[in-house]
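Remarks on the overall topology
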Amino acid sequence: MAVNISKRIIRLGLLSSFILLSVVFLSTHSKVNEFIFGSSVASDAVAKGITEGGEKPSIVDKNASKDLGDYAEHFAGDMESTGDSEGKPKACFVSLVRNEALWDIVPSIQQVEDRFNRNYKYPWVFLNDVPFTDEFKHVVSNIVSGSVEFGIIPKEHWSYPNWIDQEKAAKARQEMAENNIIYGGSEPYRHMCRFESGFFWRHPLLKKFNWYWRVEPSTQLYCDIKYDVFKWMQEHKKVYGFTISIREYEATIKTLWETTKQFMKEYPNYIEKDNMMAFISDDNGKTYNLCHFWSNFEIASLDFWRSDRYKTYFEYLDKAGGFFYERWGDAPVHSIAAALMLRKDQIHYFADIGYHHPPYSNCPADNKLWSEGRCSCNQKNDFTFEGYSCGTKFYEVNGMKRPT
Ligand SMILES: Nc1nc2c(ncn2[C@@H]2O[C@H](COP(=O)(O)OP(=O)(O)OP(=O)(O)O)[C@@H](O)[C@H]2O)c(=O)[nH]1
Ligand SMILES: [Mg+2]
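Within an unreviewed UniProt entry, the label attached to the chain reads Glycosyltransferase family 15 protein, and the organism entered is Eremothecium cymbalariae. Here the chain is described in UniProt, under the heading Sequence similarities (unreviewed entry), as follows: "Belongs to the glycosyltransferase 15 family." Quoted verbatim from the Subcellular location (unreviewed entry) heading of the UniProt record, the comment on the chain is "Membrane".

**Quick notes on the overall build of the chain**
Tallying secondary structure elements over the chain gives 17 helices and 13 strands in all. Looking at the chain as a whole, 40% of its 404 residues qualify as buried. Put simply, of all contacts in the chain between residues at least 6 apart along the chain, 77% involve residues at least 24 apart.

**What about the sheet that holds strand β12 (residues 355–357)?**
Ordered by their spatial adjacency, 3 strands build an open sheet running β6-β12-β13, and the pairing between neighbours is antiparallel. Strands with a single pairing partner mark the edges of an open sheet, and in this sheet they are β6 (220–221) and β13 (360–362). Note that β6 and β12 share 2 bridges and pair antiparallel. When the bridges of β12 are listed, Q220 appears paired with H356.

**Some details on helix α10 (residues 256–266)**
Listed in full, the buried residues belonging to α10 are L256, W257, T260 and F263. Projection of α10 onto a plane perpendicular to its axis shows the buried side chains occupying an angular sector of 115°, all on one side. In this structure, α10 carries K265 and E266 as exposed residues pointing more than 90 degrees from its buried face. Elements in contact with the buried residues of α10: α13 (308–320), α14 (322–325) and α15 (330–341).

**Focus on the UniProt feature "active site" (unreviewed entry) in the chain**
In the UniProt entry, the feature "active site" (unreviewed entry) is given for E298. Topologically, E298 is positioned in strand β10 (residues 298–301). Non-local contacts of E298, meaning those with residues more than four positions away in its chain, are made with R214, G241 and F242.

**Points about the environment of S186**
Within the secondary structure, S186 sits in the loop between α7 (166–178) and α8 (187–198). For the pair formed by S186 and M176, sequence separation is 10 residues and the distance between their alpha carbons is 9.3 Å.

**A look at the nonpolar core**
Within the largest apolar cluster, 87 residues are counted, with the highest numbers of intra-cluster contacts made by C92, F93, V125, L206 and Y212. Per-element accounting of this core gives the leading share, 8 residues, to α15.

**Considering the site of ligand 1**
Around ligand 1 there are 13 residues in total, and V97, N128, P188, M192 and E216 lie nearest to it. With 3 residues, the single largest contributor to the shell around ligand 1 is α8. Looking at the shell around ligand 1, its residues break down into 8 nonpolar, 2 polar and 3 charged.

**Here's the deal with the confidence of the model for the chain**
Predicted confidence across the chain gives a mean pLDDT of 85, with 78% of residues reaching 70 or more. Here residues 18–51 scores under 50 on pLDDT; set against residues more than four positions off or in separate chains, the count is 46 contacts.

What counts and how
Residues numbered from 1 in each chain as written. Chains lettered and ligands numbered in written order. Predicted model: local features only at pLDDT ≥ 70, side-chain atom pairs only at ≥ 80, totals over all residues. UniProt positions renumbered as here; feature names shortened; annotations may be inferred. Helix = DSSP H or I, 4+ residues; strand = E, 2+ residues; numbered from the N terminus. Buried ≥ 20, exposed ≤ 12 C-beta atoms within 10 Å, placed from the backbone. Contact = placed C-beta atoms within 7 Å. Pairing = 2+ DSSP bridges. Arc of directions from axis to C-beta. Core = buried A, V, L, I, M, F, W, Y, C linked by C-beta atoms within 7 Å. Near = placed C-beta within 6 Å. Nonpolar A, V, L, I, M, F, W, Y, C, P; charged D, E, K, R; others polar. pLDDT = per-residue confidence, 0-100.

So this is what it looks like as structure tokens:
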């Protein structure tokens, strides 16, 4: 009898400690989730592997990751790369976007997923100069097929460097607005262009990746992509890939070429011998012909932007002040750098990727590509060989045969 009672007491003791431990366990874990995700997206976020990062590389510290058990590998700030274990390139989609553009980025993501990524499951990184809303995170995490991370841009990557005369910058904006230069009066647009030129690839959330595909709101993907584009870039030793090329508004980059020429003089070693100068200049470097790759779509190497040559070039331009005193775009900056500092054969035109960013389209002119890709675009709307495009120039410079 006494033995039975003492057994019961022991069982009761064990049961109550178990309940007590469970309560403590659950309460600490729900706190971790709320801290990371905000309560409204907690469950979806856990399922998809969402993290949020900004000035701190990863809000989730390693210990918190451990507490999350099975999901820990999604959260570890220093993990090598999603897909690493499968031998895939360390690649991601990266999208700089405002909360207000949620319903414009959703169709862009959905098309990238349906035409390509549902078969490859590369992760997404969303960046913003202000925190993403819970709604944004909830909606976006619902349509991506892989993991997703949301990052805040560090203040120093989205503000005036101390050598910029802000009054002079304001005057320049006013003059450009009066002259109806597109985005000429916009301050955020300039921070955006400077960020895309010199900082997105330094964001802590991109550290673990070597490749990216840039995705913008209100864009379309017209054709199935049945191969791994990142692997293709890697295997073919490509560094920069584009779909649309076009001429820049001269009024936005008045001194960009002169500044670049000074840079070339000071750093001749950074200029590639077998470069693509002929794509950006019709007189062997004397003047810029305004041709550039439209950077709203890019599949490219992050390591190129991280290289000494590009970093030095960006810093040189940044010191010159043209991101603020003029309205230098990231597209001509990226393109001039790629054309001068890469070998011709490291730049790739994706003729097979049907793509639209208003108001221009890249629609495969080659009938075989068009039909095999189940493309939903009208080939008559292809911009590649139109007057304002630089497609013809790209084909010429690279000795490519125009499709018939
Ligand atoms: N978070 C954030 N993203 C921005 C801001 N301004 C622009 N972007 C993003 O930067 C990229 C380029 O901006 P866009 O407004 O598309 O500029 P654009 O492509 O030259 O011009 P349109 O698309 O024709 O308006 C897009 O991915 C935008 O989402 C901003 O102030 N904050
Ligand atoms: Mg755009």
